[in-house]
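Overview (structure and organization)
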Amino acid sequence: MQALLLSTGIVALAEIGDKTQLLALLLAARYKKPVPIVLGILVATILNHWFAAAVGQWLTGLVSPEVMRWILGASFMAMAAWMLVPDKLDDDTRLFDRLGVFGATFLAFFLAEMGDKTQIATVALSARFDSLLAVVTGTTLGMLLANIPAVLLGEAAARALPKHIVHRIAAAIFALVGVATLVAF
């Protein structure tokens, strides 16, 4: 249960102001079809985070628990610092219109998540907790909690959120998880 709740909270906070949340706003403004956009986000996130969590589980078998403790502690601390760096959507926002709303959303989200904060957090969370399903479920829920309002409410909601405060809270949580990992793995 801890893996599920922590994964959900960390990813939901990490997504506020992230490029994929900006992408959700762009898709909502462009297509004005929330259901296929949300379904595209869901499927892309499940696949992307499943892969990331599998990598995290695989890494735990490669190194000793002591080494993994230091790697994870440092990873969570690095994520805390990374949360303080603002994220922007790339200038090239052309999507593959031939794929339709669902296809464009799926492909854009899947690619945007590659190497993103939430994907790296998923790897670290999966290595920390021995529950791939709980981590993937939690990170996917966190992604949806942050992005569904962006899809449904559009830019007005995104401007109303104090992103700098949310990013600082997320950074503090990552730092606390990092310290906790180093102290008691």
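Note: the structure precedes this text.
Below is a short write-up of the structure. (Residues numbered from 1 in each chain as written. Predicted model: local features only at pLDDT ≥ 70, side-chain atom pairs only at ≥ 80, totals over all residues. Heavy atoms only, no water.)

Remarks on the nonpolar core
One broad rule of soluble globular proteins: the nonpolar side chains tend to lie buried together. Inclusion rule: By nonpolar core is meant a set of buried Ala, Val, Leu, Ile, Met, Phe, Trp, Tyr and Cys residues that side-chain atoms within 4.5 Å join together. To sort residues, take the accessible area from a 1.4 Å probe on protein chains only and compare it with the maximum for the residue type: under 20% means buried, over 50% means exposed, and anything in between is partly exposed. To qualify as a helix, a DSSP run of H or I must reach at least 4 residues; to qualify as a strand, a run of E must reach at least 2; elements of each kind are numbered from the N terminus. Whether two residues are in contact is decided by their heavy atoms: any pair within 4.5 Å suffices.
Core analysis: the largest hydrophobic core is formed by 20 residues, its most contacted members being I37, I41, F109 and V151. Looking at this core, the elements with two or more residues in it are α2 (19–31), α3 (34–62), α5 (100–113) and α7 (132–153). Residue contributions to this core peak at 6 residues, all from α2. For F109, the contacting residues outside a window of four places in its chain are T20, L23, A24, L27, I41, A44 and N147. With 12 residues, the next largest nonpolar core counts A3, I10, A124 and V135 among its residues.

Considerations on α3
This is how the line gets drawn: Between the first and last residue of a helix there are one fewer steps than residues, each counted as 1.5 Å, and that sum is the expected span.
Taking 1.5 Å as the rise per residue, α3 with 29 residues should run 42 Å; its terminal C-alpha atoms sit 42 Å apart, in good agreement. What α3 keeps buried is the set I37, V38, G40, I41, A44, T45, N48, H49, A52, A53 and G56. Contacts from the buried residues of α3 go to α2, α5, α6 (117–128) and α7.

That is the geometry; function is a separate question.
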